[in-house]
Structures are given as structure tokens and as C-alpha cells.
Amino acid sequence: MIGAVPALLASAETLYNSARRAPMLTDWSISRQTYAGAPRIVRAGLDLVARDRVNTAMHVIRVVSNATLLVAPPKWRLVRAAASLASGLSTALLSPRERYGSDGADQATAVVQISNGVARLGQTRPRVVDAAVWNVSLQSCLSYTAAGWIKLAGGSWRDGSAVTDILRTRAYGNERMWRLLDRHPAIGRALTWTVLGFECAFPVVYVLPPAAVRGLMTGALAFHLVNGHAMGLWRFVFAFASMHPHLTATTKDRRTGMSTATPVMAVTATGGAMAVSMIASILRRQRVRNQTTMQVDSGARLGVEVVPGDDSKPIVVFESGLLGLPEHYAWLRRSLHEAGYATVAYCRPGYGASGDADGGDVSVSRAATNLAALVRSVRSDHPGVVLVGHSLGGEIVRRVAETSDAIAGVVYLDPTHPDQLSRSEAQRATVRDFSDNLASFDISTRLSLGTFLTVPAWIRTLPSDAQARAADQFRDGRLWRAGRKEWTAMRHDLAQGAPVGPNASVAALLVSAGRTLQGDPDILALHNEIIDAHAGNALVRNVVIDDVTHDSMLTNPDHAARLAQTLRAFLDDLGPGGAYTVVRGDGARSGSGFRPESHEEAAA
């Protein structure tokens, strides 16, 4: 009955907002993109359930069924069973559309209600009831434990500042409590570490004596009450409290006579899944390393993908950003091949099949040294080399373009500026969270859990022949280990604040993502500094592509097509007879921020 409260409130709130046509995060045109790679029959089913009338009907069912659970007497066993199942299953069916508007309280409630419904239907069969109770108990334990161990990867939880930092946020903050902890940081640290220890050690509930179990359950309820008051998460209080009776029913002193088939099966299945995941990780690593390699004169052996083209045209070499893959450039490379350009994409040491004699050095400077060596190896009979760098790759190609006389042109795609961490508040604000996320992925994949990572939507937007390898690399621990090392080195390099030196001898194209400039106005000045370094050259272009993000400019086929049009126009102008083109704007416009030149104008 406790779990009926949050479910009833959630659906009532949704129906109220829907009637008022209030903005919500349940627009199916947004959420359905997550399932773009699902089988057609699954997508058709989701589209059906996500229709407005069906969605409204599901919420009405939740309201009615949970109201029934609140008022129906216990002796109405079948009525309560039907109401529990109706509410739990409707919650599960609503979750695809409302993945951006629901939370853990909805998921916990669905688990409890479906299990309770099964237990009520099978009341005359003790094994069925025991299995349902154990299911909620184990799910509850997993929720607390997983939350704790994920927090452990975050630096703010380990140094004790997390609770104080959370209470300062706009979404979950509480000014009075934050000011208290800010004045008394020792209390904040104690609270942070208490939460961390409580969650990480939660499985001991199954072996504790009765008095200790009561203390732990009381502490868990107090934890949710404090969260409800401080962060407004009152639905969590009811949702997780509804799991506690199942937990206490399976503790050491109360589970006598209960069937243990469910926990035994759960442990066995977990062990089997881990064994399968470890085997899959080994096979995946072999596929990732199955890549043509090239030994370059810097001492590195680089995994490369070379596609030949017209020797009379420059060869285009792509440099990836942090955690970037050659597959990120699949759409751009396909367009350039159609125009006759030879292209090279490669993996930096630590990624793919690449390695380095100086394996401990993953600095930006070392990456530039390896790229310069690759340029010397692949130039061959081509009249020159054009470097294309995205994000961190932009800073790497900039450094190579300053020193190599083989570079005919350089293309910066939403590039990193060497001083951006000190000059962009938005960039600085992401450092800690990004570091924590990298640590989580690194640890998870080291434990062979990469198999369970959901393939991100951007991989499913790549050309079909690039998706499998991109997914393998995304799930491979080698990618995250290398990315984490590079991120540490990159932060050190960028902290130096090196200036961007003049380089008028090299033609340049800088393409900014419109959404990047919208989200971080400081980036505009940084991008201008990068392109200004080439101002004395006859071919300099500074372009903004509206409505694209930092990553979608490469991976979304429509966005990449717009970028490819601009890139091909620049490359064509590098040839004999190329026009003297200096495009530089100094104004601003409303909407998506400063736009020196549109991509259509640049491609004209």
C-alpha cells in the first residue's frame, strides 16, 4: 500500500500537466530516438503505446489501480492482486516514453507492485510467494549497493564534499542546510562518508542480528526522509519504504522456512553472466586489435585505416578527440572518397591496436609528435597533407601545423583551445563530473562489465559498416583506460595556458557547432583566436553550422552532410587556382550566437 502513494501522485501530476498542456519531458519524438536501433516490431509496439490517447489511458489505469490499493481491504485479495499488476505493468509500459521524466521511485514502485501482485495471485503456493518477496528484497539491496559503489568512483564522494556540493545545486539544493555544512565542513564530510559506507556495505543486512537489522532499516528510512526534506525527493520515501518489509522478511532471523531458490538462482545467474561477460571481453579485445598497423619514426605503432585517392589532391588525415574513434569520421570520409580524396584515420596509442614505445607519455605534445610522424609516413606522392582535428584533435593538429612543412591546410572542428579551462567557466564546471564519469567507465570495463554497457545512440547513427567496430571499442576497457590517462595529461597541458602562435603559412578552416556556442559563449572568443593565427594566409574560413552539437556534427548523417559540404569546398579551394578567401566576422546575431559565416555561404 505504501508504494501506491508515489505512483498515484506521479500519474495524477502527469494528467494534470497534460490537461494544462504544460511542457513536459515526455515528448515521444525525443525519447523514441533512444530506440532507433531496436527491431522494427519493437519500435512499432513502442510507437503504439506512446500515442497520446494510449499514454493517457495508462495513467488513468495507474490512478484507478493505486487508489484501489489504498482503499481496498486486505481480504479482497484478487482485487488487490489485479490492481498491483495493472499499476506495475502500466508503469513498465510508460517507461520508454517517460525515460526523461521518470525516476528511481517509479522503477522501485513497479518492482514492488508486480511482485506483490504475483504473490497475491500465488498465495496458496509458498514458493511463489517466497520468490516474489526475495525478488523485491534483492532488487532493494542491489539499488542501495550499486548506488554506493558508483559513488565511490566519484572524487567528491571520496573527499567528503559531495553532500555539501549537492545541497548547493539549483535542482536538489537546500540553502539553509548548505550554509550549515559550508560553515561546518566536518559535518558535511561525515554525512558524505556515512552515506557512502551505508550504501556500499548494505548487503550485510542479510547476516546481521535482529537489533542491527532494525537499526539499519531505521537508518535507511531516515536517509530517505532527509533526502525528501532537503532535495524534495518525497516520492522516494514512499517507494523505497515499500521495499523494506520484503528486506526484513528475508533477513537472517526471519527467513527460516523460506525457499532460498530465488537467491541461489540469482547468484548463479550473476556468476554465469560474469563468466560470459569475461569471455565476451576477451573476444571483443581481439576484434578491436584486429587493425592494420603502421610503424612510424617516432617509435609508435599506430592502428591506421587508409583509403587511397587521387594522388594529385592532398591527402586528408583525421585526428580524433578524447575518446574519439576513426569511426567518428565515417560519414565525412565517405563524402571525401566520393570526391577523390585519399584519407587516413588512426588510433592514438592506447586505443584500438595502437601502442607506443614511450607508453607512459600520453601528453598532447607526444600525440602531436606521433601525428607528425604519421604525416611523414603517409604523404607519399600527394602535393600536401590536410589535417582535420575534432575537439582535442584540433589542438593536436594545430601544434603539428606549426612545425611541419608538409601541411597544406588544417581544419578545426569545434576545437579545444589550449587555454580554455582557465577562460571558460562552463568548461571548468564540467571537469570534476567528467573525471568521475571516466573513472566509472574505466573501473566497470576493467571488471569486464563492458558487455552490459548500452550502445549509445550516436553509434546507431553511423554507417552500418562502422557500427559494430565502434560498439566493440566503446565497450572495450582499453578505450576508457586510454581516455582517462589522456584526460589527466590534457588537464595538465591545458593548465599551462599556452598562447596560440601565428601560422600564416597554412590555410585554415574552423567549424564551430552552433549548440556549442549557445551553451558556452566563452568558446566564441577562443575559436576566433585559433583562426586568427592563420589570418595572413590567402585561404582562411571561420564557419558556424547551426543546430548541431559537438559530436553530432560528425555522427549524425544529416549534420555530417552539411559539414562535408563545407569541408569539400575548402579542400577544392586549396587546389590550383583557389580563390583568395578571407572570411571573418566581428558581429553577433540573436538565436544561436555569433556566426562568422554560414556553412551554405562557405560552400558556395
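Computed from a predicted model, the values in this text were never measured in an experiment. (Residues numbered from 1 in each chain as written. Predicted model: local features only at pLDDT ≥ 70, side-chain atom pairs only at ≥ 80, totals over all residues. Heavy atoms only, no water.)

**Q** Hey, could you run me through the pairing of strand 9 (residues 539-545) in this one?
**A** Consecutive residues of a regular strand have side chains that alternate between opposite faces of the sheet. For strand 9, the tally of buried residues reaches 7 of 7 residues, placing the bulk of the element in the interior. Burial along strand 9 is two-sided: the residues L539, R541, V543 and I545 and V540, N542 and V544 are all buried. (Buried < 20%, exposed > 50% of the residue type's maximum accessible area, 1.4 Å probe, protein only. Helix = DSSP H or I, 4+ residues; strand = E, 2+ residues; numbered from the N terminus.)

**Q** How do you make sense of helix 27 (residues 557-573) when you look at a structure like this?
**A** It helps to recall that an α-helix has 3.6 residues per turn; residues three or four apart then point in one direction. Spanning 17 residues, helix 27 covers 24 Å between terminal C-alpha atoms, matching the ideal 24 Å at 1.5 Å per step. Turning to helix 27, its buried residues number three or more, namely H559, A560, L563, A564, T566, L567, A569, F570 and L571. The backbone nitrogen of D558 has a side-chain oxygen 2.9 Å away, supplied by the residue at the start of helix 27, namely N556. (Expected span 1.5 Å × (residues − 1). Polar contact = N/O pair within 3.5 Å; in protein donor to acceptor, adjacent residues only side chain to side chain.)

**Q** I'm lost on the nonpolar core in this one. Help?
**A** Here is a general trend for soluble globular proteins: nonpolar side chains tend to be buried in one another's company. Counting 58 residues, the largest nonpolar core has V317, L371, L374, L387, I407 and V410 as its most contacted members. For this core, the element with the most residues is helix 17 (residues 364-378), which contributes 9 residues. Setting aside residues no more than four positions away along its own chain, V317 makes contact with V344, L371, L374, V378, V385, V386, L387 and V388. One finds L167, V213, M231 and A239 within the second-largest nonpolar core, a separate group that totals 35 residues. (Core = buried A, V, L, I, M, F, W, Y, C linked by side-chain atoms within 4.5 Å. Contact = heavy atoms within 4.5 Å.)

**Q** Can you help me understand the environment of M274 in this one?
**A** Residue placement: M274 occurs in helix 15 (residues 261-289). Given a relative accessible area of 27%, M274 falls into the partly exposed group. Put simply, M274 and L449 are 175 residues apart on the chain and 7.6 Å apart in space, counted from C-alpha to C-alpha.

**Q** How should the side chain of S335 be read in this particular structure?
**A** The residue S335 is located in helix 16 (residues 330-338) in this model. The residues touching S335, leaving out its near neighbours within four places in the chain, are A564 and R568.

**Q** Whenever I open this one, the pattern of salt bridges confuses me. Can you help?
**A** Oppositely charged side chains can pair when the atoms bearing their charge come close. Evaluation of the coordinates by the stated rule reveals 22 salt bridges. Across the pair E395 and R399 runs a salt bridge, and its minimum N-O distance is 2.8 Å. Within this pair, E395 and its partner R399 are both found in helix 18 (residues 392-403), separated by 4 residues, close to a single helical turn. Residue classification places E395 among the buried residues on the basis of a relative accessible area of 1%. (Salt bridge = Lys/Arg side-chain N within 4 Å of Asp/Glu carboxyl O.)

**Q** For this particular structure, what's the right way to read empty space enclosed by the protein?
**A** The gaps left among the atoms become clear once a water-sized probe is rolled over them. In total, this model carries 5 cavities of 30 Å³ or more according to the counting rule given. Approximately 80 Å³ is the volume attributed to the largest cavity. In this structure, the largest cavity is lined by R348, P349, D356, D361, V362, S363, R366, A367, N370 and E486. Considering every element that reaches the lining of the largest cavity, the biggest residue donor is helix 17, with 3 residues. When its residues are assigned to classes, the lining of the largest cavity shows 3 nonpolar, 2 polar and 5 charged. (1 Å grid on protein atoms, 1.4 Å probe; cavity = no way out; pocket = protein on both sides within 12 Å on 5 of 7 lines; lining within 4 Å. Points joined across faces, edges and corners; volume = space filled by probe spheres on them. Nonpolar A, V, L, I, M, F, W, Y, C, P; charged D, E, K, R; others polar.)

**Q** Explain the pairing of strand 6 (residues 385-390) here, please?
**A** Of all the 6 residues making up strand 6, 6 are buried; the element is thus mostly covered by neighbouring parts of the structure. Where strand 3 (residues 315-319) and strand 6 come together, 5 bridges link them in parallel fashion. When the bridges of strand 6 are listed, I315 appears paired with V385. Pairing of strand 6 with strand 7 (residues 407-413) involves 6 bridges; the strand directions are parallel. Looking across to strand 7, one finds that G389 is bridged to Y412. Traced from strand 6 through helix 18 to strand 7, the parallel crossover comes out right-handed. (Pairing = 2+ DSSP bridges. Right-handed = clockwise from strand over helix to strand, strands pointing away.)

**Q** How do you make sense of the packing of helix 16 against helix 27 when you look at a structure like this?
**A** Contact pair helix 16 / helix 27: the axes reach a minimum separation of 9 Å and the direction vectors enclose 45°. In this view, helix 16 runs oblique relative to helix 27, as classed from their interaxial angle. Taken as a pair, helix 16 and helix 27 cross one another with a handedness that is right-handed. Packed against helix 16, whose contacting residues are W331, L332, S335, L336 and E338, the element helix 27 presents P557, A560, L563, A564, L567, R568 and L571 at the interface. (Axes fitted to C-alpha atoms, helices over the stretch in contact; angles between N-to-C directions. Parallel < 35°, antiparallel > 145°, perpendicular 65-115°, else oblique. Left-handed = near helix turned anticlockwise from the far one by under 90°.)

**Q** Hey, could you run me through the state of the cysteines in this one?
**A** A covalent bond between the sulfur atoms of two cysteines is referred to as a disulfide. Per the counting criterion, the structure on display carries 0 disulfides. Of all cysteine sulfurs, the one in C200 lies closest to C141, which takes part in no disulfide; the gap is 12 Å. (Disulfide = S-S within 2.5 Å.)

**Q** Whenever I open this one, the packing of aromatic side chains confuses me. Can you help?
**A** The description of an aromatic ring pair rests on the distance of the ring centres and on the angle between the ring planes. Summed over the entire model, instances satisfying the criterion amount to 12 aromatic pairs. An angle of 85° between the planes, with centres 5.7 Å apart, marks the rings of F198 and F202 as edge-to-face. What makes F202 buried here is its relative accessible area of 0%. Consider the rings of F318 and Y329, whose centres lie 4.6 Å apart with planes at 35°: the pair is tilted. Within this pair, whereas F318 is found in strand 3, its partner Y329 is found in the loop between strand 3 and helix 16, the two being separated by 11 residues in sequence. (Phe/Tyr/Trp six-rings, centres within 6.5 Å; stacked < 30°, edge-to-face > 60°.)

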